[in-house]
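Working through the structure, step by step
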Amino acid sequence: HHLVTLARAHLLSGDERYAAPIWCAMRAWVDANPPYFGVNWASALEVALRLVSWALVIDVLGTAGARPGDVGNVVTSVALQARHLSANLSVYASSKNNHLIGEAVGLLVAGTKFPFLEGAAGWADLGEAVSEREIAAQVTREGVSREQTFHYGVFVLEFALLAHACQRVLSGSEGPPLAGRITEMGAFIEVAGGPSGVPPSVGDEDGGRVYELSEGGLDRQAMRAAVCAAVATGRELPAAARGEDLGPALWLYGAERVPEAGSVSERRRSPERAFPEGGYFVAGRGEHHGVIDCGPLGYLSIAAHGHADCLSLSLSHEGQWFLVDPGTYCYHRDARWRDHFRSTVAHNTIAVDGASQSEMRGPFMWGRKARARPVRWCREELFEYFEGRHDGYASRNGVVHVRSVLFGAAGYWVVVDRLEGTGEHDVRATFQLAPGFERLPGDARTFAGHGFDVDLLSALPEGLRERVVVGDDGSQEGWVSRGFGHRAPAPAVIFEGRCELPAILVFVIVPGRGNHAVGFECPSRDVRGLTQVTISHRAGWDRLFLGEGRTPDGGRFDGRLGFTSQREGSRQVLGMDVACWKDVDGDVPFRSVRSLV
């Protein structure tokens with residue numbers, strides 16, 4: 001990647017000192033790596049990435065700085081590498097994921113950039129066919145990577161953008177087979193990233209990228225890819241791209257296609273925020289933003305890059321993530337840390353009897369897998385509501401985890417965990433805060449950092465207690481990895497103990513500045529079988545009905561959600577929303593029933 005940066009520097013400055021080291025590096029690689037021998041021929045994906053870098057370098061550099069014989073040696077090596085790649089595509093299951101897409105695009109790039117080489121047309125045809133097929137198979141129609149990792153989703157998008165650019169060169173068209181997936185992938189990044197433009201670190205992440213066309217660093221990699229996707233398909237730039245580096249789009253598509261940096265429009269319509277096929281749901285408004293994970297473990301049978309994170313929750317406020325996914329940290333450095341960072345106890349969800357939802361069988365291998373299913377998703381004027389469930393503990397101990405997440409327009413989040421089962425079990429709920437947050441002295445519920453506070457309130461079954469851990473090497477609790485190979489201490493708020501099932505755990509999370517003026521009341525289940533959660537705030541109060549029982553009018557409420565809201569100074573109940581209602585005489589299908597009083 002650094003050779004591409006040097007080539008760009010030469011083009012912009014005309015300074016030959018940037019060009020000569022490029023040919024020196026490529027010449028040294030050819031000399032040190034005879035064909036098909038040694039570690040640098042072992043990984044087909046690495047061969048593909050090298051072909052991409054060399055093609056981009058020569059596209060920008062031409063022959064500037066080359067010594068006699070350099071161009072011939074490099075082009076000969078390109079032919080050998082492409083021939084090797086075409087015979088060694090990762091069509092086997094263990095790497096038939098982003099590796100296969102990258103390898104196919106490497107062939108397509110080599111065939112497009114070096115059409116005069118023997119076999120180039122075949123490389124391009126094979127690369128185009130495989131990349132189109134695999135992108136369609138590995139990315140949902142919603143734009144979500146089936147590997148269930150946001151990082152590798154961006155990695156695949158970068159490959160798709162290169163393939164799209166090659167299709168434009170080869171056919172003179174806009175590459176319609178890939179344009180649709182590119183549009184949806186960019187849109188998903190935009191929605192998941194929210195106001196910050198940075199999606200949470202869901203699933204594996206190794207910091208890799210396809211090419212380096214920006215000096216902005218990896219933290220903005222996803223938004224830069226979304227900007228390129230918008231430019232490639234003629235969409236308006238994402239709202240979070242205001243002030244974004246447009247360099248990658250400029251280098252890929254040329255100045256005539258790239259809008260001015262300031263021409264970022266707010267979305268013309270409310271974007272889709274539910275991605276049920278991929279398993280992600282995005283809630284929140286304004287400065288409040290959250291991503292709920294209710295998807296499969298990963299892609300194909302081994303689910304190599306997935307984490308045991310069913311029903312995990314990530315939250316941000318004012319563009320800053322505060323309730324975070326722990327990240328990845330490492331692949332091979334330490335098996336103990338590798339297992340921890342992808343385990344259930346490291347994520348913002350529930351662990352039962354000390355086990356992960358899915359069974360680990362190696363650093364990139366899973367056995368028994370939890371199956372997640374979204375149950376309900378609705379967006380109303382005063383709230384947004386999600387409910388999902390998974391069976392990760394059902395075969396082990398007969399427990400099913402059902403989680404409801406509600407965002408109230410008054411600026412709070414309610415998380416309700418229902419554990420269906422019988423007998424006593426060890427239960428643990430984890431809420432991992434971002435590095436930079438600290439518990440306020442003398443306040444057991446409030447954490448401060450990054451310019452705002454977070455209140456974390458709870459109503460727990462008897463037997464569960466709260467503790468906070470920051471950076472404990474022994475238990476491995478309280479660590480967050482913001483980049484591959486790096487980890488930082490951060491507060492993990494853990495609610496754990498042994499309790500009788502079935503049980504309900506209720507949490508209220510309130511981010512904001514200063515005194516939030518939010519109250520929380522969660523009495524015991526009443527005689528009708530309903531649990532009532534009351535949230536008081538500056539504008540009045542909101543009341544949630546959870547559980548199962550009969551309502552005063554004789555109807556039957558089945559436990560999905562009942563929500564009423566009353567504003568201060570008025571006795572009028574503003575609205576009642578029910579996600580699922582049952583009549584006395586029978587069931588009514590899942591639907592949202594709303595009545596104004």
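Rules used throughout
Per chain, the residues get numbers from 1 upward, laid out in the order the sequence is written. Where totals are concerned, whole chains, interfaces and linings use all residues; where local detail is concerned, this predicted model gives features only for residues with pLDDT of at least 70, and gives and counts side-chain atom pairs only at 80 or more. Where side-chain values are given, they derive from all heavy atoms of the structure, hydrogens and water being excluded. Secondary structure counts use DSSP, requiring at least four H or I residues in a row for a helix and at least two E residues in a row for a strand, with both numbered from the N terminus. When a residue's accessible area, from a 1.4 Å probe over protein chains only, is under 20% of the maximum for its type it is buried; when over 50% it is exposed; and in between it is partly exposed. Using a 1.4 Å probe, accessible areas were evaluated by the Shrake-Rupley method; residue-level cover was limited to the displayed protein chains. What makes two residues a contact is simply this: any of their non-hydrogen atoms within 4.5 Å. Geometry of aromatic contacts follows a simple scheme: Phe, Tyr and Trp rings, the Trp one being its six-membered ring, pair when their centres are within 6.5 Å, and the pair is stacked under 30 degrees between planes, edge-to-face over 60, tilted otherwise. Any pair of nitrogen or oxygen atoms within 3.5 Å is treated as a polar contact; in protein, a donor-acceptor pairing is required on top of that, and neighbouring residues in sequence qualify only through side-chain atoms on both sides. When DSSP finds at least two bridges between two strands, those strands are taken to pair. Note on definitions: salt bridges are taken to be side-chain nitrogens of Lys or Arg within 4 Å of carboxyl oxygens of Asp or Glu. All axes are obtained by fitting lines to C-alpha atoms, using only the stretch in contact for helices, and the reported angles, taken between N-to-C directions, cover 0 to 180 degrees. Comment on the angle field: the value is read as roughly parallel under 35 degrees, roughly antiparallel over 145, roughly perpendicular from 65 to 115, and oblique elsewhere. In this scheme, a crossing is called left-handed if the near helix is turned counterclockwise away from the far one by less than a right angle; it is called right-handed if the turn is clockwise. Residue polarity is assigned by list, with Asp, Glu, Lys and Arg as charged and Ala, Val, Leu, Ile, Met, Phe, Trp, Tyr, Cys and Pro as nonpolar; anything else, Gly included, falls into the polar class. Here a cavity is any set of points on a 1 Å grid over the protein atoms alone where a 1.4 Å probe fits but cannot get out, and a pocket is any open set with protein on both sides within 12 Å along at least 5 of 7 lines; a residue lines the site when it has an atom within 4 Å of a point. Grid points are joined across faces, edges and corners, and a volume is the space filled by probe spheres set on the points. Per residue, pLDDT captures the predictor's confidence, and it can take any value from 0 to 100.

**Regarding the overall build of the protein**
Counting its regular elements, the protein contains 12 helices and 29 strands. Taken across its 597 residues, the protein has 58% of its residues classed as buried. By element, 52% of the accessible surface of the protein is carried by carbon and sulfur atoms, the whole surface being about 23500 Å².

**Concerning the environment of Pro200**
The residue Pro200 is located in the loop between α8 (176-193) and α9 (221-233) in this model. Taking C-alpha positions, Pro200 is 8.7 Å from Leu315, a pair spaced 115 residues apart along the chain. Setting aside its immediate chain neighbours within four residues, Pro200 contacts Phe150, Ala192, Val291, Ser314 and Trp321.

**Things to note about the packing of aromatic side chains**
Applying the stated rule across the entire model yields 24 aromatic pairs. Taking the centre distance of 5.8 Å and the plane angle of 90° together, the rings of Trp29 and Trp54 count as edge-to-face. Taken together, the residues span a long stretch of sequence, with Trp29 in helix α2 (residues 16-32) and Trp54 in helix α3 (residues 44-61) at a distance of 25 residues. Among the residues examined, Trp29 registers a relative accessible area of 14% and is labelled buried. Plain terms: the ring middles of Phe150 and Phe188 are 5.4 Å apart, the flat faces sit at 90° to each other, and that makes the pair edge-to-face.

**Observations concerning the side chain of His390**
Positionally, His390 belongs in strand β10 (residues 383-393). There is a polar contact of 2.9 Å between the side chain of His390 and the backbone nitrogen of Gly392.

**Digging into the pairing of strand β3 (residues 288-293)**
When you tally the buried positions in β3, you get six out of six residues, the bulk of the element. Alternating residues of β3 divide into His288, Gly290 and Ile292 and His289, Val291 and Asp293, and every residue in both groups is buried. Where strand β2 (residues 280-283) and β3 come together, four bridges link them in antiparallel fashion. What sits directly across from Phe281, in β3, is Ile292.

**Observations concerning the pattern of salt bridges**
Following the criterion strictly, the structure yields 28 salt bridges and no others. Among the charged side chains, a network of salt bridges with common partners joins Arg428, Arg467, Glu477 and Glu496.

**Examining the sheet that holds β3**
Pairing in this open sheet of five strands is antiparallel, and the strands run β1-β2-β3-β4-β5 from one edge to the other. The open sheet terminates on both sides in strands that have one partner only, identified here as β1 (274-275) and β5 (320-323). Where β1 meets β2, two bridges bridge the pair, whose relative direction is antiparallel. Within the sheet, the bridge partner assigned to Phe275 lies in β2 and is Tyr280.

**Description of the side chain of Gln432**
Considering the arrangement of structural elements, one finds Gln432 in strand β12 (residues 412-432). Looking at Gln432, the relative accessible area reads 3%, which means it is buried. At 3.3 Å, the side chain of Gln432 and the backbone oxygen of Ala490 are in polar contact. Separated by 3.1 Å, the side chain of Gln432 and the backbone oxygen of Pro491 make a polar contact. When neighbours within four sequence positions are excluded, Gln432 is seen to be in contact with Phe322, Leu323, Val324, Asn348, Gly478, Trp479, Val480, Ala490, Pro491 and Ala492.

**Some words on the packing of helix α6 (residues 120-138) against helix α7 (residues 150-171)**
Between α6 and α7, the least distance of the axes is 11 Å, while the angle of their chain directions is 135°. Between α6 and α7, the angle falls in the class oblique. For the crossing formed where α6 meets α7, the hand is left-handed. Contacts between α6 and α7 involve Ala124, Glu128, Ser131, Glu132 and Ile135 on the former and, on the latter, Val156, Ala160, Ala163, Gln167 and Leu170. Class assignment for the residues of the contact of α6 with α7 results in six nonpolar, two polar and two charged.

**Quick word on the layout of surface pockets**
Considered as a void within the structure, the largest pocket measures approximately 770 Å³ in volume. If you trace the largest pocket, you find 34 residues lining it, with Val198, Pro199, Pro200, Ser201 and Glu205 closest to the centre. In terms of residue class, the lining of the largest pocket is made up of 18 nonpolar, 12 polar and four charged.

**Quick look at unusual backbone geometry**
Residue Leu501 is joined to Pro502 through a cis peptide bond whose omega torsion reads 5°. Along the polypeptide, Pro502 turns up in strand β19 (residues 491-512). One non-glycine residue, Glu318, adopts positive backbone phi at about 55°. Along the chain, Glu318 falls in the loop between β4 (313-317) and β5. Residue Glu318 is classed as partly exposed on the basis of its relative accessible area of 35%. The phi dihedral of Asp353 falls on the positive side, at around 55°, and the residue is not glycine. Note that Asp353 resides in the loop between β6 (350-352) and β7 (360-362).

**Here's the deal with the pairing of β2**
Here β2 shows no split at all, with Tyr280 and Val282 on one side and Phe281 and Ala283 on the other all buried. The hairpin formed by β1 and β2 contains four residues between the paired strands, and Gly279 there has a positive phi angle of roughly 90°. Connecting β2 to the next strand, β3, in antiparallel fashion are four residues, including Gly284 with a positive phi near 110°.

**Re the confidence of the model for the protein**
With 88% of its residues at a pLDDT of at least 70, the protein reaches an overall mean of 88. Mean pLDDT values over the elements of the protein span from 47, in strand β29 (residues 593-595), up to 98, in β6. Counting contacts from residues 584-597, a segment whose pLDDT is below 50, to residues more than four positions away or on other chains yields 36 contacts.

**Remarks on the environment of Phe431**
By the secondary structure assignment, Phe431 is in strand β12. When the C-alpha atoms of Phe431 and Ala492 are compared, they prove to be 5.8 Å apart, with 61 residues separating the residues in sequence. The residues contacting Phe431, other than those within four sequence positions of it, are Leu323, Asn348, Leu456, Pro491, Ala492, Val493, Phe495, Phe507 and Ile509.

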